[in-house]
Amino acid sequence: MKKIFLRIVFSAVLGTGVIGPRLSLAEMTIRQEIEAIFQVKDINSPEAKFEEYREVPSGLAMEKYEMNAKSETTDIEVEIKDIRQDDQSATVELDKGRMNIKASWDQTPHLFSKETKTPLQEDSSGVLRAPDQLQRDVQFATATYVAAYSGNLRPVDLKTRTDVGSIELDYALGERLSGRLGVSETIKKGHQALGAAFTRSHIVQVAQPIDHKTYDSNLGLGYAGKTFQWDIGYGFSAFKNEIETITLDNPRRITDALSESSQGRLNTASDNVAHSGSMALGYNFSRKTRATADVNLTYMRQNQPLLPYTINTASNPTGGSNWAYRNRPADKADATVVNWVQDYRLVSQILKPLKGALRYHNFQQNNRTPEYTFDGSVGLDFNFSGTDTQNHAFEMKKEVIAATLDYEMLSSLNLGVGFDMNTIQRQHREVEDQEENIANFDLDYHPIKGLMVKGSFANARRRMDALHEEELVNVGETPGMRLFDVSDRDRNEGKIILQLTTAKNVWSVNGSLGHDKYKPGKGDLAALSKGGNAANRSTMYGLLETRNAGAGIDYDGTLSDRFSLFGYFDYQTDKGLQRSNYNSGGTVSQDAATDWEHEIQNRYQTAGLGFNTDVGTVILTMGADISVSKGNYNFVARGTDATLQALNNLPETKTTKQNYYAQAKMPVGPKVELGLGYVFEKYDVYDWASEAAPTVNTYGTTSEFYLSDSSKDYKAHIITAKANLKF
Amino acid sequence: MLKKILITSAAVIGISILGVNSFTQAEDNPVSVPKAEYIGADSCLACHEEQKNDHASPHTEFFLKKKNIPFEKSCETCHGPGSLHAEAAGDKTNPGFKSIKQFSKDNKDVSSTCFECHQDSGRMHWEGGVHETKGLNCLSCHSVHSAASKNGQLVKATELETCSQCHGDIKSQLKRSAHMPILEGKMSCSSCHNPHGSATDKNLTAPHVNALCVKCHAEKRGPFVWQHPPAMENCLTCHAPHGSHNDKMLNAKQPLLCQRCHNFSRHPSTPYGNADVILKGNKVFAQSCMNCHPNIHGSNHPSGKMFTR
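Remarks on the overall build of chain A
Moving on, step 1. The helix and strand inventory of chain A stands at five helices and 41 strands.
Moving on, step 2. The principal-axis extents of the C-alpha atoms in chain A amount to approximately 85 × 65 × 55 Å.
Moving on, step 3. Of all 727 residues assigned to chain A, the portion counted as buried reaches 51%.
Moving on, step 4. Put simply, chain A shows about 32,200 Å² of open surface, and 56% of that area lies on carbon and sulfur atoms.
Moving on, step 5. Charged side chains of chain A number 80 positive and 93 negative; the gap between the two group centres comes to 4 Å.

Given below as structure tokens:
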């Protein structure tokens, strides 16, 4: 990646030599800034969250280097950050005459866990092997898998790093005409958690090796006239995955069997390409009327070879050929989707106090992927099914016609109303035809100088023409299920912001409320004629409603020439109520006795307080940031079923992060500034889905291998000495 | 649908005609006084000493390098000829005092001046865009003379601080345990949104939500043989892009998120009690549903109908 960046920088510098006169540094004013830190940190656990997207280095580190060189005709900016750290980045920008070139390289780490352990060794790219002897011992019952594997775990760094190198060129071809060209390469490498299973009671979570690249390029031409503007663009993107399959050993079998395979194989992301073309037009009919048109066409293609049905060589159902070698309906995926998006907008100042806008949006997702009929499937590489399966090419079309009208009632009061009509048509979903009408109201009020009140309210009604219960029943769902993203819905949401600005203080208060009510709509909730069970009743299942509310206050004030104070508090809550049905036997049964509901509530509080002050020549900043989030999962048995009645709520999940900081900066001359900082960060987490993760686990008759990648509490102290030199 | 299109077309034509007519009636320029003449920056700075450093401002440099406008003419390039304003000598009651363009956050005509230079493709949708219709103008976010940011002439030190003047709730969401690396400086609001307007409702920098997400997550782009339609329709069906309490920025925790649509598939519909949680039952623990259904965005595997392979 460094080579790529150097190539890019070299190209940029060479380009200036080719396109314009060679740069002469002697003619330029050069300003440079360098900042070094010496850091001591103490953290009481190897918790990944502490450095999730960054590196907090110990010892001496180069925080940044900046260089700005200017002449009468040329600007060069160089910025390099976090040098030799895991999150380093560099940017070089050249602005000369008609041309602007920007080359950049940026690393972003994503650290999931520093404590991951797995019994599977990465044998070759994408192949994860368990020790043969241990597989043998477990299969032939000379050892239990817990005993066999507990002592045979190896650590693996569960993290990825994304490197992006890019170069962008903007060139003014004329007073109003400009062209642009951009290329980039994104490389992502590392490991992340992947669920893999051999049977429903045998989970083997693995550290999936990640190694893929994305190449993007774009080309555009734009004209920005006073009356007429246009822009055309073309983009190409290619995704290349170096590891397209994950093959993993089954830790409890060394030989294939009908009941369970010795290996599993999963498809990972397939190589694909996308071409997109866009055109945008803007035209001012007059000073008061303007129209824009946007058209975008994207062609996405994926044609990777289809894997065999299974890697299990013993998968050989009675009367059938071995599924590991059975012919597939095609050798390659041949998958193609074409997205076609059109947007047209007309804005006009109809009369002096009135401004209207009309918008038409059309989105078409045309799926040209063939519909294959597969002889059956071998899910999880063991449970073959001879029932034909057919993929469906989901596609949709969405149209929006929207109108807004803004009325300047007073110079201080603006009112807006809007109405959107949405029409959606789908192929191969439970709901194919749907409409949604949305009414909007806006308020912008400035009653006195410095006071701003902004408010909005929206009411939306989404209705389907019909629900195809057979689509639900075919995949084993109850006919009463309503899928919240397509079901009937009434939505109400409002938001208000008050902002008071005086000469030295800014107060801001905001609040919001939202409610989505999902409804059964058309369609038979019991649907006996479509495979429903006689015990069904007319009850809707799935998400029933969501509510959200939020309130915040923010203050930023200058209390004196030497003292400024800032603080904020924000509270938000999201609540969802959903209904389901207890079932353990595999038959459709949505009878009243075994209905249950879950109320999920996420609550968030963030608060911060701090100040800046001058103490002589020292600038002192102190403050605190605290964020708390909680998840509650309240279970309610709706019926009389004794099993359900005995169940409890799930425990609350909670994350708290506290950050306290103090920083002093002191100039020691015109070019040098010294700084001293202290940060105390405390993180507390409880999550039942990952807390105290076992690596080899048994639960009832199941065997499970997890990665032990859960988040854990930590306390960190960081002391930083900083020197900044400008020259 | 045809009826809607006809109604809309009629409305479009009507508004266009009204708009053109209103233009002819309303084409006045209240801030331009014919008698005013250009007087040069030195005269301006005689009173406006605080702008002396504008010699080195990005606008002054831009004028000189790209427009060949010397500093002497830079003030009046935006504010208009200043002779009458100067003659008023600070007397606000003198009509000449208001003869120059005076910009403020409340002034709705700011954009027309800025767009003299800045009406490029990135700002093509300002008019009628969500920010313009909510009463914002260029100065709501940018400061020509006293910018606080290193880049972009913003009124606050960072893009996030600037946007959170109104979107404080979003800033708060970014502090949730699952978030994108915005606070770490690896992304910014404009990575996904164009504050100057776009053809989409939320000012997205792509024609629709999924097209935006796959710019970085190209591995989710597909197309796949086995598709998960909600994922093809909209990534936001399951994900909260600004931050969440739940892993992977999910709208709800698994398995409860999946159970919003999947009631009965033999195993997930079992309600989970504390026993499952404490003993790490595989339907709730670790990646929950994705322990077995990892390819939930789509699969290319012949046995991948249920996204298990």
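Some words on helix α2 (residues 132-139) of chain A
All names here are of chain A.
Moving on, step 1. Within α2, the full set of buried residues consists of Leu-134, Gln-135, Asp-137, Val-138 and Gln-139.
Moving on, step 2. Summarising the contacts, the buried residues of α2 are in contact with α3 (145-150) and β16 (245-249).
Moving on, step 3. With its phi angle positive at about 60 degrees, Ala-141 sits one or two positions after the end of α2.

A word on the confidence of the model for chain B
All names here are of chain B.
Moving on, step 1. Taken as a whole, chain B shows an average pLDDT of 85; of its residues, 87% reach a score of 70 or greater.
Moving on, step 2. Within the model, the stretch residues 16-30 combines pLDDT values under 50 with 19 contacts to residues more than four positions away or in other chains.
Moving on, step 3. Interface predicted TM-score (ipTM) for the complex: 0.93; the corresponding pTM is 0.92.

A few points about the packing of aromatic side chains
Moving on, step 1. For the structure shown, the criterion picks out 20 aromatic pairs over all chains.
Moving on, step 2. For the ring pair A:Tyr223 and A:Trp230, a centre distance of 6.1 Å and an interplane angle of 20 degrees mean the geometry is stacked.
Moving on, step 3. Exposure remark for A:Trp230: the relative accessible area of 23% places this residue in the partly exposed category.
Moving on, step 4. A network of ring pairs unites the aromatic residues A:Tyr309, A:Trp323, A:Tyr372, A:Phe374 and B:Trp226 as a single cluster.
Moving on, step 5. Directly above the ring of A:Phe50 sits A:Arg54, whose terminal nitrogen or CZ lies 5.2 Å from the centroid.
Moving on, step 6. Sitting above the plane of the A:Tyr568 ring, B:Lys171 keeps its charged end 5.3 Å from the centroid.

So, the interface of chain B and chain A
Moving on, step 1. Listed per partner, the contact involves 119 residues of chain B and 193 residues of chain A.
Moving on, step 2. When the two sides are added together, the surface that chain B and chain A hide from each other amounts to roughly 12,700 Å², 53% of it contributed by carbon and sulfur.
Moving on, step 3. For the pair chain B and chain A, the interface holds 18 salt bridges.
Moving on, step 4. For B:Glu233, the salt bridge identified is with A:Arg426, shortest N-O distance 2.4 Å.

Focus on the environment of A:Lys117
Residues and elements named next belong to chain A.
Moving on, step 1. Tracing the chain through its elements places Lys-117 in strand β6 (residues 117-118).
Moving on, step 2. Looking at Lys-117, the relative accessible area reads 40%, which means it is partly exposed.
Moving on, step 3. With 420 residues separating them in the primary sequence, Lys-117 and Arg-537 have C-alpha atoms 48 Å apart.
Moving on, step 4. Sequence-distant contacts of Lys-117, that is, excluding residues within four places in its chain, are made with Leu-153, Arg-154, Pro-155, Thr-695, Tyr-706 and Leu-707.

Remarks on unusual backbone geometry
The general pattern is negative phi for most residues beyond glycine and trans for most peptide bonds.
Moving on, step 1. The residue after B:Gly222, namely B:Pro223, is reached through a cis peptide bond having omega 0 degrees.
Moving on, step 2. When you line up the elements, B:Pro223 lands in the loop between α10 (209-216) and β1 (226-227).
Moving on, step 3. Positive phi outside glycine occurs at A:His428, with the angle close to 65 degrees.
Moving on, step 4. Mapped onto the elements, A:His428 comes out in the loop between β27 (413-427) and β28 (433-445).
Moving on, step 5. Note on A:His428: relative accessible area 26%, which makes it partly exposed.

What counts, and at which threshold
- Residues numbered from 1 in each chain as written.
- Chains lettered and ligands numbered in written order.
- Predicted model: local features only at pLDDT ≥ 70, side-chain atom pairs only at ≥ 80, totals over all residues.
- Heavy atoms only, no water.
- Helix = DSSP H or I, 4+ residues; strand = E, 2+ residues; numbered from the N terminus.
- Buried < 20%, exposed > 50% of the residue type's maximum accessible area, 1.4 Å probe, protein only.
- Areas by Shrake-Rupley, 256 points an atom, 1.4 Å probe, with all protein chains shown as cover.
- Lys, Arg positive; Asp, Glu negative; His and termini not counted.
- Charge placed at Lys NZ, Arg CZ, Asp CG, Glu CD.
- Contact = heavy atoms within 4.5 Å.
- pLDDT = per-residue confidence, 0-100.
- Phe/Tyr/Trp six-rings, centres within 6.5 Å; stacked < 30°, edge-to-face > 60°.
- Lys NZ or Arg CZ within 6 Å of the ring centre and 35° of its normal.
- Buried area = accessible area lost by both parts, 1.4 Å probe.
- Salt bridge = Lys/Arg side-chain N within 4 Å of Asp/Glu carboxyl O.

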